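# Observations on the three-dimensional arrangement
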Amino acid sequence: MTLTINRTYPIDITKAAVSHISSVNFDELQFGKVFTDHMFEADYLDGKWTNCAIKPLAKIELHPATSALHYGQAVFEGMKAFKTTDGRPMLFRPDANLARLNESCVRMAMPEIPEELFMDALHSLVRLDQDWIPDTEDGSLYIRPFVFATDDFVGIKPSDTFKFVIFCCPVARYYAKPVRVYMQQEFIRAFPGGTGGVKAAGNYGATMMPLMHARKMGFDQMLWIDGVTHNRLQEIGTMNVFVQIDDTVITIPTTEGTILKGITRDSCLQLLRDNGFKVEERDVTIEELIDAHRSGRLHDAFGTGTAATVAPIGVIGYKDQEYTLPPVEDRKVSNWLKKELWSLRKGLRPDTYGWMQEI
Ligand code: COI
């Protein structure tokens, strides 16, 4: 069936003939491997967004010279929908994701996504696939909006044409166990003036080789160190980083433009500040972290991110040493944040921040 919603960006909706939801075991979801029935797609042609369509999930056909594949004009977002305990599908802070997506587009010389287009596409797609929002403990619908350059032209210039796509995955936890992170000073994720502060696809590509080395050593992720002083913590790539030293919760400032402005990071900062925690946004050096660990003052360390939510760090590796953090059950801050966010997203506590948007 094809329906057209008559707005500034009319969306043609073609429903899948058959849903494959009954073939999915929602109790054993592997992150990012299961996809819902539908996707959204739009094209940027002649200076405007057009061809807006929701259709059955399918491969995208590309010309071999598609410029995103060669020169990396590609950005993405990660966001989530939840089902409240009384069954209402809700989006978490979609306005914040749109703002960040457009910041990424501007930095990468790509056209911004108008709010009406983004919200219509998002609400229509998630409404159609709402049965895919898991009701399980830790379950949510991960939503992946992305924009990429589509000019088929072999030459360096900003593309004139782009595609904006959204697809969704029902997911459970991203990290099943406390995360083992590794710090090193040779490979750098982001420099001031670069693209580390936005969600450019290339930021992630450049981390794969060092990550592969870290994995061989038994770590899950890198805890990136800055490339100017080679001494300050940056972020984890999939997550922003928080540490609790004594009774202060510290996270790294995003002002240098090298660290992604995490929406979960921002939500955690607001929750902590509004609930009487002592919070600081400031740099943390490798020495400070190791000294705090050695003197028993490093009580908690965790990452925050859309996919990961609040993920405790189990071990920090540096050179040939491993610094083991306190047992997860003893962590006051990360456990409290996890519970607060979950209660808010499931509608178990009032949404005093206006973060949840009903679909
Ligand atoms: C997210 O948390 O949404 C991210 O984009 C991280 C990704 C590597 C899963």
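Anything mentioned here points back to the structure above.
Summary of the structure given here. (Residues numbered from 1 in each chain as written. Predicted model: local features only at pLDDT ≥ 70, side-chain atom pairs only at ≥ 80, totals over all residues. Heavy atoms only, no water.)

## Observations concerning the overall build of the chain
Counting secondary structure elements, the chain contains eight helices and 18 strands. On C-alpha atoms alone, the chain measures out to a radius of gyration of 21 Å, which is about the 21 Å that the 2.2 N^0.38 rule sets for 359 residues. Taken along its principal axes, the extent of the C-alpha atoms in the chain is 65 × 55 × 35 Å. Looking at the 359 residues of the chain, the share that counts as buried comes to 54%. Sequence separation of 24 or more characterises 70% of the internal contacts of the chain that already satisfy a separation of 6 or more. Carbon and sulfur atoms form 52% of the exposed surface of the chain, whose accessible area is close to 16,200 Å². (Helix = DSSP H or I, 4+ residues; strand = E, 2+ residues; numbered from the N terminus. Rg over C-alpha atoms; globule rule 2.2 N^0.38 Å. Buried < 20%, exposed > 50% of the residue type's maximum accessible area, 1.4 Å probe, protein only. Contact = heavy atoms within 4.5 Å. Areas by Shrake-Rupley, 256 points an atom, 1.4 Å probe, with all protein chains shown as cover.)

## Details of the side chain of Ser-267
Take Ser-267: it is sitting in helix α6 (residues 263-274). Here Arg-93 takes part through its side chain, which lies 2.9 Å from a polar atom of the side chain of Ser-267. Not counting residues up to four positions away in its chain, the partners in contact with Ser-267 are Phe-92, Arg-93, Leu-341 and Trp-355. (Polar contact = N/O pair within 3.5 Å; in protein donor to acceptor, adjacent residues only side chain to side chain.)

## Observations regarding the packing of helix α2 (residues 94-107) against helix α3 (residues 115-128)
One way to put it is that α2 packs onto α3 with a least axis distance of 11 Å and a crossing angle of 130°. By the angle between their directions, the pair α2 and α3 is classed as oblique. Crossing of α2 over α3 shows right-handed handedness. Between α2 and α3, the contacting residues are Pro-94, Asp-95, Leu-98 and Leu-101 on the first element and Glu-115, Phe-118, Met-119 and Leu-122 on the second. In terms of residue class, the contact of α2 with α3 is built from six nonpolar, no polar and two charged. (Axes fitted to C-alpha atoms, helices over the stretch in contact; angles between N-to-C directions. Parallel < 35°, antiparallel > 145°, perpendicular 65-115°, else oblique. Left-handed = near helix turned anticlockwise from the far one by under 90°. Nonpolar A, V, L, I, M, F, W, Y, C, P; charged D, E, K, R; others polar.)

## Some thoughts on the site of the ligand
Taken together, Phe-76, Gly-78, Tyr-142, Arg-144, Tyr-174, Lys-199, Thr-238, Thr-306 and Ala-307 make up all the residues around the ligand. A distance of 2.5 Å is found between an oxygen atom of the ligand and a side-chain nitrogen or oxygen belonging to Tyr-142. Take Ala-307: an N or O atom from its main chain is 2.8 Å from an oxygen atom of the ligand. The protein chains hide 89% of the 290 Å² of surface that the ligand would expose on its own. (Near = heavy atom within 4 Å.)

## Things to note about the nonpolar core
By size, the foremost hydrophobic cluster in this structure holds 51 residues, and its most contacted members are Phe-40, Trp-49, Ile-143, Val-147 and Phe-164. Per element, the largest residue contribution to this core is seven residues, and it comes from α3. Residue contributions to this core reach at least three from each of two domains, namely domain 1 (2-171) and domain 2 (179-345). Among all residues touching Phe-40, those that are not within four sequence positions of it are Ile-11, Cys-52, Ala-53, Ile-54, Leu-117, Ala-121, Leu-125, Phe-164, Val-165 and Ile-166. Core analysis: the next-biggest nonpolar cluster, separate from the first, contains 29 residues, Ile-250, Ala-292, Ile-313 and Tyr-323 among them. (Core = buried A, V, L, I, M, F, W, Y, C linked by side-chain atoms within 4.5 Å. Domains from an automatic or database assignment.)

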